[in-house]
Amino acid sequence: MRTSRSPHMSGRWRRAGSTAVATSALVLAGLGTAVHATAATPDHVSAKAVATAVANAHVQYESACDATPKKGYAACNALRVTSGTTAFMEKQAALKGLTAKTLKPNASSASPTGYGPSDLQDAYGLTDAAAANGSGETIAIVDAYDDPNAAADLATYRSYYGLPACTTANGCFKKVSQTGSTTSLPTADSGWAGEISLDLDMVSAIAPNAKILLVEAKSATMANLGKAVNEAVTLGAKFVSNSYGGSESSSDTSYDSSYFNHPGVAITVSAGDEGYGAEYPAASKYVTSVGGTALSTSSNSRGWTESVWKTSSTEGTGSGCSSYDAKPSWQTDTGCTKRMISDVSAVADPATGVSVYDSYGSDGTGWNTYGGTSASAPIIASVYALAGTPGSSDYPAQYPYEDTSALNDVTSGNNGSCSTSYFCTAKSGYDGPTGLGTPAGLGAFTG
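Description of the structure in this document. Source: prediction; values computed, not measured.

1. Some points on the overall build of the protein
- Looking only at helices and strands, one finds 10 helices and 22 strands in the protein.
- For the protein, with 447 residues in total, the buried portion stands at 62%.
- The long-range fraction of contacts in the protein, counting pairs at least 24 apart against all pairs at least 6 apart in sequence, stands at 78%.
- Entry remark: accessible area of the protein is about 15000 Å², with carbon and sulfur atoms responsible for 50%.

Quick look at the structure:
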């Protein structure tokens with residue numbers, strides 16, 4: 001474990017992902033419908049007092065998957081909180097006039113300890129859209145390996161938060177392999193199962209009326225993950241979320257044309273979790289690359305505030321200037337002659353993390369809090385889905401550049417050191433770590 005001296009005092013264990021042969025962990029029973037509190041606070045507790053408490057969030061976390069994949073492979077960008085107090089826990093305690101209880105390492109929780117649907121919808125101006133939009137749209141999640149408990153865990157999450165049921169039986173949820181098979185699925189993996197739960201829960205939180213298609217690649221090679229993207233599009237998804245990445249290589253431009261060039265489809269990709277530096281496929285000119293923020297309650301008019309997510313010089317949102325991919329025509333920053341990461345962003349800091357239910361394998365302890373840009377990518381894919389089907393010849397990555405007024409500009413924080421300031425440091429307008437900003441409704445995600 002490396003202990004950080006950042007404001008969130010976060011640490012992180014790195015461990016290699018492995019194929020799990022473990023039995024299912026504790027599945028919590030008897031969870032009733034519940035809704036998280038939004039930014040509103042009771043009259044006897046000031047918003048400033050709550051914001052002060054939230055600033056005390058401090059966590060330790062671990063990487064769900066292999067954080068340093070070999071050439072040609074990708075790692076998922078999911079980070080699971082193992083101890084400490086999250087922003088949500090601090091907020092709930094402050095509202096009750098209590099001190100937040102500390103999570104114990106690897107202990108399951110009887111109830112969520114991270115932000116839930118109403119928190120995220122409120123933070124990004126999506127409450128009304130989430131209730132009214134998304135029907136008839138299919139959001140695809142592409143990950144590696146199988147999560148045997150995906151459907152059951154999804155049902156638990158949605159039931160707890162009072163969201164519409166999304167099951168195989170009612171036609172809302174479908175799980176397939178990269179070839180489209182519903183029966184011949186990849187080998188199960190505990191780490192990637194946590195990633196899958198995170199992705200499915202974030203789609204549920206933002207676009208609860210949409211259908212969900214989970215496409216599982218047989219391994220974490222870029223080729224297999226790319227084939228899974230193609231299968232998602234073949235099966236009709238107009239929104240495809242990818243919460244993984246690896247080192248850039250000279251093969252990236254061929255991957256672009258083979259797997260990610262899908263006009264009329266909003267493809268989102270995590271920017272990475274290792275601080276400043278470019279990853280692929282976030283660097284693809286055909287996708288929306290999604291950076292990460294720390295999201296906290298605030299006494300401002302929005303009720304929330306965001307800064308660049310950074311735990312240490314090697315732990316935080318990715319960003320940077322691609323070494324291989326050409327710059328898309330709509331990206332006009334002048335310091336990078338090739339593709340610049342990111343385009344937009346959303347919450348990713350584990351200390352201000354999101355609630356996830358996962359019951360499979362060694363990571364499957366029930367309710368967990370997760371962070372990483374694996375949270376922000378499916379959030380943004382779901383915002384696109386709420387905004388409606390893209391034009392058939394459009395590359396939706398362009399949409400935010402056409403309406404920057406419908407984004408929350410993130411202007412504070414950095415994710416490391418760089419020679420060109422905006423590559424790693426937030427500023428007014430475009431910057432690498434947070435792109436053009438975070439959603440403020442749907443305006444920036446509509447063609």
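2. Description of the packing of helix α7 (residues 222-234) against helix α8 (residues 252-260)
- The geometry of α7 relative to α8 is characterised by a closest axis approach of 9 Å and an angle of 30° between their N-to-C directions. As far as their axial angle goes, α8 and α7 are roughly parallel. Two secondary-structure elements touch here, α7 through Met-222, Ala-223, Gly-226, Lys-227, Val-229 and Asn-230 and α8 through Tyr-255, Ser-258, Tyr-259 and Phe-260.

3. Focus: α7
- For α7, spanning 13 residues, the distance from its first C-alpha to its last is 18 Å, which sits close to the expected 18 Å at 1.5 Å a residue.
- What α7 keeps buried is the set Met-222, Asn-224, Leu-225, Gly-226, Ala-228, Val-229, Asn-230, Glu-231 and Ala-232.
- Once α7 finishes, Gly-236 follows within two positions and takes phi at roughly 105°, a positive value.

4. Looking at the packing of helix α1 (residues 47-54) against helix α2 (residues 87-95)
- Contact geometry for α1 and α2: axes closest at 8 Å, N-to-C directions at 140°. Between α1 and α2, the crossing angle belongs to the class labelled oblique. Considering how the two elements wind past one another, α1 and α2 form a crossing that is right-handed. Contacts between α1 and α2 involve Val-50, Ala-53 and Val-54 from the former and Ala-87, Glu-90, Lys-91, Ala-94 and Leu-95 from the latter.
- Across the contact of α1 with α2, the residue classes tally to six nonpolar, no polar and two charged.

How each quantity is defined
- Residues numbered from 1 in each chain as written.
- Predicted model: local features only at pLDDT ≥ 70, side-chain atom pairs only at ≥ 80, totals over all residues.
- Heavy atoms only, no water.
- Helix = DSSP H or I, 4+ residues; strand = E, 2+ residues; numbered from the N terminus.
- Buried < 20%, exposed > 50% of the residue type's maximum accessible area, 1.4 Å probe, protein only.
- Contact = heavy atoms within 4.5 Å.
- Areas by Shrake-Rupley, 256 points an atom, 1.4 Å probe, with all protein chains shown as cover.
- Axes fitted to C-alpha atoms, helices over the stretch in contact; angles between N-to-C directions.
- Parallel < 35°, antiparallel > 145°, perpendicular 65-115°, else oblique.
- Expected span 1.5 Å × (residues − 1).
- Left-handed = near helix turned anticlockwise from the far one by under 90°.
- Nonpolar A, V, L, I, M, F, W, Y, C, P; charged D, E, K, R; others polar.

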